[in-house]
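Structural features, examined
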Amino acid sequence: MADLSINFAGIKSPNPFWLASAPPTNTGYQVMKAFDAGWGGAVWKTLAVPVINTSSRYGSVNYKDKRMVGFNNIELISDRPVADNLREIEEVKKRFTDSAVIASLMFQTREEWHRIVRDVENAGADGIELNFGCPHGMCERGMGSAVGQEPKVLQTIVEWVMEVAKIPVIVKLTPNITDITQPAIAAKAGGANAISLINTIQSLVGVDIDNFVPYPIVDGKSTNGGYCGPAVKPVALNMVKNCAQIPGFNLPISGIGGIETWRDAVEFMLLGSGSVQIATAVMHYGFGIIRELTSGLNNYLDEKGFASVNEIVGKAVPNVTSWENLNLKYEVKAEIHEEKCIECQLCYTACEDGAHQAIGLREGSRIPYIIKENCVGCNLCSLVCPSEGCITMERVDDGSQHLTWKQMTAAGDIPTDFNDPRAGGLLHHANPTEQAFVTKRPLHYEAKV
Amino acid sequence: MAEYKTPATEADFEANFAQIKPLMNANEAYYESGRCLFCYDAPCVNACPTSIDIPLFIRQINSGNASGAAKTIYDSNYFGNACGKVCPTEVLCEGACVYTNQGVKAIEIGRLQNFATDKVLKTGKPLYKTLPKNGKKVAIIGAGPAGISCACELSFSGYNATVFEAKSLPSGLTVHGVAPYKITNEEVLAEMDFLQKQFGFEIKYNSKIETAEDLQKLETEFDAVFIGVGLGKTASLQMPGENLENCLGAVEFIEQLRLNHAEIKVGEKVIVLGGGNTAMDAASESARMGAEEVVLAYRRDQTEMGAYAFEYELAKHAGVKGIFNVQPLEILGTDKVAGVKFIRTETLNGKISTIPGSEFILPCDMVIKATGQEKQRNLLHQISGLELASNGTIKINEATFQTTKPKYFAGGDAANGGMEVVNAANEGKRAAKGIHQFLTEKR
Ligand SMILES: Cc1cc2nc3c(=O)[nH]c(=O)nc-3n(C[C@H](O)[C@H](O)[C@H](O)COP(=O)(O)OP(=O)(O)OC[C@H]3O[C@@H](n4cnc5c(N)ncnc54)[C@H](O)[C@@H]3O)c2cc1C
Ligand SMILES: Cc1cc2nc3c(=O)[nH]c(=O)nc-3n(C[C@H](O)[C@H](O)[C@H](O)COP(=O)(O)O)c2cc1C
Ligand code: SF4
Ligand code: SF4
Ligand code: SF4
């Protein structure tokens, strides 16, 4: 049994799974229920004034039979008075000493910040998260993402908070910015103990095409909301990685965005997250998913021989590099394992119309074949293939050569014009002047013209 | 104990003959359509005799465009709704679905098809604008799937199509022959009504074309004639006892079941003779009508039955017992059926022979002969110059469906010897194209 407990910037919790600041952490009732179910921590639904309820407020992206692959909301921070929240934080902490309660805050003036920081500390919170991320409503009043998008303003507010804070302070970043490392660096400069990301991405989730109003609809009108759920995971992973790679940064990162299973969580950890936060998946399936999360993470650590969560944090970070450092001599080609083929020919049409015309069809068989000369090793066919393990990408170079764009540039050996053979364009099989390379056109193409 | 009690009320009948492919609700259709892979050169399309663009209509259902899906279906097959329910999909589209290659349940194409067509049948939404009338007239003999499909296509292309039908209802065996648990009369007739409203052709009911004069009249009044008369009544077994009371032909039994089931009294013990799909249907149907015991008796080995395996399974589920390698010799009884005398057979090198001395008697009080339908020779022989193949089917050009007598075209069971609704629908439509080509080329 691996050790799942963490110490995140001084916030201890029995496992790295925290509820993100969102409706599941709206009340003491919910947070206690979550802790009973096994959640390691909870970031309280953002405390602020004023209290506002928006009706309706959610929208969803459904993909075929899957609902809520993307989720969008236009609600504001907590819909309950600050005093009630403080009282409930205190109750929760009395009952659950091991599980972490982090108070998410969003205020305006220095005085307000000072007062609320002291209040939540007195209530017994283990940490504070500054919500500089909300991309709707609050930003129109100079809070939320309006702060997160201005590194200078962000740093100033962090400094105000640090003037009084005795418990760890996490700064939650908005992804609605070109360079996520700038607010991260500003947070550190302001003295924050950790960062968390991402908050939601500004979005319009869809449009009611009968009434010409985007969703969600509030009395015939809509407004942009914040996007989250499984669809945003790739955006979040990239931003987490970017922060993890800031030279000399060293602040713990709490990863958020589209996490639903233990696998998602492990991916965030490998890219540098010391804890992870989850909102949409809990809103979809309830607190019970924690059992799958902890058991999956535990199995993974055991199977890989890791003793604790710490050992995997950031393990994939060194393997993310810039394009100019990739080995251009590395070469893979697709291979079809015929015994697994279900004969749908999706690979054929994908490569034929959407890639490099490197898949052919034989008369009398529905199983396609790879035209090796044409295959550029792009992965597309293996991605569309609905039969797991049916198309694999196999290495074909002998591994003896290593050449990067950076090295080529340094050696002054990069293509300089359109007809430069080093660019490969002249050798492309589709180039009509190089008939020799058009070795085998797929049968179907000939037959149907 | 029998699986089914004799239906006493209409509700009992509906329960005993509950639809095996019930209409999908919107949720089922949404989830099921979401599974389709949108295969390239999809095997399901290739397996459909009418080549319906299945991945396309499934995608249309999934994106909330059911009437577009219905149009895709009707573009290829005018019996789109009936076919979704009565086609042997297990051996056609669904049998070819790529999912089956990995032991995953095939997409329920037939039921998805009905989900779409049912929508337009209910709304009556106009899907087609027929071309302006071209002044030419075509006579169609028989309002079965072949004849009606031919009429739809011709009307669409601007012809005046008139259908002459011997009976008083359209759709041929779809309403008179297909098992009631596959499709209800109302469903069949709603589609016929829909088609007539879409295309505006005329059907003359109770208008059997019988005599040389009838035919002569058609030839002079119309520019071309389509023969879609299907097959005839159950063929005689040429054995003693066939005329006893309670010895029925399967086609006649089923027709009465469909049109007037309240009048049917099945015996306590029914013997069905035959091994084809009609035999399976008749056996299932007798069981569902409350027969205590239904025995299916087939001359050959079980593996040699013409019926689809799933049809035999369905019959077994209804409580039918099969006995094989038994050949009927005589139907016994004084005025009513009392039993059947059989002799056992064996198959050697593909030939069956009877085993001397193996005769035995199986008592019963009803016999249903499901031993094939007669060809419509009486009518066809009166058309001079119309050649028939040795098995009695009409000889046609496979591309144009033109017979050896140029003004006549033919399709469906009368030309293919007896297949499915979907084949007849396809052939009727293609024959209409052949007729169009013939009538436009002529001058
Ligand atoms: C018992 C049984 C069950 C079946 N079950 C199925 C099934 O589940 N699924 C399936 O796909 N197929 C099934 N079939 C087959 C299917 O019904 C036929 O292949 C199809 O109906 C053939 O269509 P058709 O238009 O060629 O002929 P028919 O459907 O036979 O139609 C011919 C029409 O012509 C009329 N007619 C005949 N002679 C004349 C005349 N001289 N003048 C005027 N009108 C005339 C008839 O009254 C009839 O309406 C079944 C067949 C039988 C017998
Ligand atoms: C309905 C809803 C309300 C949210 N409210 C807040 C909030 O008050 N404060 C905050 O910092 N983040 C808020 N978020 C953002 C989430 O904490 C989280 O950053 C985001 O949803 C991405 O994670 P996910 O993909 O697991 O949902 C909210 C998200 C949702 C869906
Ligand atoms: S890897 Fe890309 S180029 Fe090669 S066969 Fe697959 S889709 Fe075509
Ligand atoms: S996509 Fe995969 S399963 Fe489908 S034809 Fe290609 S190799 Fe076979
Ligand atoms: S074969 Fe199956 S999965 Fe493929 S298009 Fe047809 S129904 Fe869809």
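Chain B is annotated in an unreviewed UniProt entry as NAD(P)-dependent oxidoreductase from Adhaeribacter terrigena.

Looking at an unreviewed UniProt entry, one finds chain A named dihydrouracil dehydrogenase (NAD(+)), with Adhaeribacter terrigena as its source organism. Looking at the Subunit (unreviewed entry) heading of the UniProt record, one finds this comment for chain A: "Heterotetramer of 2 PreA and 2 PreT subunits." In its Sequence similarities (unreviewed entry) section, the UniProt record describing chain A reads: "Belongs to the dihydropyrimidine dehydrogenase family."

1. A short note on the overall build of chain B
A count of helices and strands for chain B gives 18 helices and 14 strands. Summarising its shape, the C-alpha atoms of chain B cover approximately 70 × 55 × 50 Å along the three principal directions. Per-residue burial over chain B gives 55% buried out of 443 residues. Restricting the contact set of chain B to residue pairs at least 6 apart, pairs at least 24 apart contribute 71%. For chain B, the exposed surface amounts to about 19,000 Å²; the carbon and sulfur share of it is 50%. Between the mean site of the 45 positive side-chain charges and the mean site of the 52 negative ones, chain B shows a separation of 5 Å.

2. Quick word on the confidence of the model for chain B
Of all residues in chain B, 99% have pLDDT values of 70 or greater, and the mean over the chain is 96. Among the prediction metrics, the complex's ipTM stands at 0.79, with pTM recorded as 0.88.

3. A few points about the site of ligand 1
Residue and element names in this part refer to chain B. Not every one of the 34 residues close to ligand 1 is listed here, only the nearest: Val86, Glu165, Leu173, Lys182 and Asp413. Contact distances for ligand 1 include 3.4 Å between a nitrogen atom and a side-chain N or O atom of glutamine 376. Within the contact set of ligand 1, an oxygen atom lies 2.9 Å away from a backbone nitrogen or oxygen of valine 421. Those elements giving two or more residues to the shell around ligand 1 turn out to be helix H9 (145–156), helix H14 (277–288) and helix H18 (421–441). Here the shell around ligand 1 is built from residues that sort into 16 nonpolar, 11 polar and 7 charged. Residues lining the shell around ligand 1 come from more than one domain, with at least three contributed by each of domain 2 (137–232 + 375–442) and domain 3 (247–369).

4. Examining the interface of chain A and chain B
In this complex, chain A contributes 18 residues to the contact, which on the side of chain B involves 17 residues. Each partner contributes to the roughly 1,400 Å² buried at the junction of chain A and chain B, and carbon and sulfur atoms together form 53% of this total. Run the count over chain A and chain B and you get 1 salt bridge. Taking the shortest distance from any N to any O, the salt bridge between Arg366(A) and Asp41(B) comes out at 3.7 Å. Inspection of the chain A/chain B interface yields 7 residue pairs in polar contact (both at pLDDT 80 or more).

5. Section: the packing of helix H2 (residues 26–35) of chain B against helix H8 (residues 109–123) of chain B
All names here are of chain B. In contact at an axis separation of 10 Å, H2 and H8 are set at 130° when each is read in the N-to-C sense. One element, H2, and the other, H8, form an angle in the oblique class. Here the hand of the crossing between H2 and H8 comes out left-handed. Residues Ala26, Glu28, Ala29, Glu32 and Ser33 of H2 form the contact with H8, whose own contacting residues are Arg111, Leu112 and Phe115.

6. Some points on the UniProt feature "domain: FAD/NAD(P)-binding" (unreviewed entry) in chain B
Those places that UniProt annotates as "domain: FAD/NAD(P)-binding" (unreviewed entry) correspond, in this numbering, to residues 136–428 of chain B. Counted over residues 136–428 of chain B, helix gives 30% and strand 22%. Its end C-alpha atoms are 18 Å apart.

7. Looking at the packing of aromatic side chains
All names here are of chain B. Scanning all chains against the criterion turns up 20 aromatic pairs over all chains. Plain terms: the ring middles of tyrosine 78 and phenylalanine 199 are 5.3 Å apart, the flat faces sit at 80° to each other, and that makes the pair edge-to-face. In this pair, tyrosine 78 is assigned in the loop between helix H5 (66–76) and helix H6 (80–86) and phenylalanine 199 in helix H11 (residues 185–199), connecting sequence segments 121 residues apart. Residue tyrosine 78 shares its accessibility class with phenylalanine 199, and that shared class is buried. By the ring-pair criterion, three or more aromatic residues cluster together here, those being Tyr78, Tyr128, Phe156 and Phe199. The ring of phenylalanine 222 is capped by lysine 137, whose NZ or CZ atom sits 5.2 Å from the centre of that ring. A cation over a ring is seen here: lysine 429 above tyrosine 78, with NZ or CZ 5.2 Å from the ring centre.

8. Looking at the domain arrangement of chain A
When its domains are assigned, chain A resolves into domain 1 (6–319) and domain 2 (323–437). Placing a centre on the C-alpha atoms of domain 1 of chain A and another on those of domain 2 of chain A gives a separation of 41 Å.

9. Remarks on the domain arrangement of chain B
Quoted interface sizes are often the accessible area lost when the parts come together. Residues and elements named next belong to chain B. As far as domains go, chain B holds domain 1 (22–123), domain 2 (137–232 + 375–442) and domain 3 (247–369). Just the C-alpha atoms count here: the centres of domain 2 and domain 3 sit 32 Å apart. Taken together, the contacts link 16 residues of domain 2 with 14 residues of domain 3. The contact between domain 2 and domain 3 buries some 1,200 Å² in all, and 46% of this surface belongs to carbon and sulfur atoms. Looking at the side of domain 2 facing domain 3, the largest losses of area belong to His176, Pro180 and Tyr181, adding up to 44% of the total buried there. Run the count over domain 2 and domain 3 and you get 2 salt bridges.

10. What to know about unusual backbone geometry
Geometrically, the link from Ser55(A) to Ser56(A) is a cis peptide bond, its omega value of -5° lying close to zero. With respect to the helices, strands and loops of the structure, Ser56(A) is situated in the loop between strand S4 (41–47) and strand S5 (58–63). Following Tyr215(A), the chain continues into Pro216(A) via a peptide bond in cis, with omega recorded as -15°. Along the chain, the position of Pro216(A) falls in the loop between strand S13 (213–214) and strand S14 (225–228). The phi torsion at Asn246(B) lies on the positive side, around 75°, for a residue other than glycine.

11. Notes on helix H4 (residues 54–62) of chain B
Residue and element names in this part refer to chain B. H4 sits mainly inside the fold: 7 of its 9 residues count as buried. Taken as a whole, H4 has its buried residues at Ile54, Pro55, Phe57, Ile58, Gln60, Ile61 and Asn62. At its buried positions, H4 is contacted by H2, helix H3 (43–47), H5, helix H7 (93–96) and H8. In the stretch just after H4, glycine 64 is the one whose phi turns positive, near 80°.

12. A few points about the UniProt feature "domain: Dihydroprymidine dehydrogenase" (unreviewed entry) in chain B
Within this structure's numbering, the places UniProt gives as "domain: Dihydroprymidine dehydrogenase" (unreviewed entry) are residues 15–123 of chain B. This span, residues 15–123 of chain B, is 58% helix and 0% strand, and a straight line between its end C-alpha atoms measures 27 Å.

13. A short note on the side chain of Glu94(B)
Residues and elements named next belong to chain B. Along the chain, glutamate 94 turns up in helix H7. The buried charged residue glutamate 94 lacks any salt bridge partner; its closest oppositely charged side chain belongs to lysine 21, at an N-O distance of 4.6 Å. A polar contact is formed between the side chain of glutamate 94 and the backbone nitrogen of isoleucine 109, at a distance of 3.1 Å. With near-sequence residues (within four places) excluded, glutamate 94 lies in contact with Thr89, Thr100, Ala106, Ile107, Glu108, Ile109 and Gly110.

14. Some words on the side chain of Asn426(B)
Residue and element names in this part refer to chain B. Following the sequence through the fold, asparagine 426 ends up in helix H18. The exposure class of asparagine 426 is buried, given its relative accessible area of 14%. In this structure the side chain of asparagine 426 is engaged in a polar contact, spanning 3.2 Å, whose partner is the backbone oxygen of proline 49.

Analysis parameters
Residues numbered from 1 in each chain as written. Chains lettered and ligands numbered in written order. Predicted model: local features only at pLDDT ≥ 70, side-chain atom pairs only at ≥ 80, totals over all residues. Heavy atoms only, no water. UniProt positions renumbered as here; feature names shortened; annotations may be inferred. Helix = DSSP H or I, 4+ residues; strand = E, 2+ residues; numbered from the N terminus. Buried < 20%, exposed > 50% of the residue type's maximum accessible area, 1.4 Å probe, protein only. Contact = heavy atoms within 4.5 Å. Areas by Shrake-Rupley, 256 points an atom, 1.4 Å probe, with all protein chains shown as cover. Lys, Arg positive; Asp, Glu negative; His and termini not counted. Charge placed at Lys NZ, Arg CZ, Asp CG, Glu CD. pLDDT = per-residue confidence, 0-100. Near = heavy atom within 4 Å. Polar contact = N/O pair within 3.5 Å; in protein donor to acceptor, adjacent residues only side chain to side chain. Nonpolar A, V, L, I, M, F, W, Y, C, P; charged D, E, K, R; others polar. Domains from an automatic or database assignment. Buried area = accessible area lost by both parts, 1.4 Å probe. Salt bridge = Lys/Arg side-chain N within 4 Å of Asp/Glu carboxyl O. Axes fitted to C-alpha atoms, helices over the stretch in contact; angles between N-to-C directions. Parallel < 35°, antiparallel > 145°, perpendicular 65-115°, else oblique. Left-handed = near helix turned anticlockwise from the far one by under 90°. Phe/Tyr/Trp six-rings, centres within 6.5 Å; stacked < 30°, edge-to-face > 60°. Lys NZ or Arg CZ within 6 Å of the ring centre and 35° of its normal.

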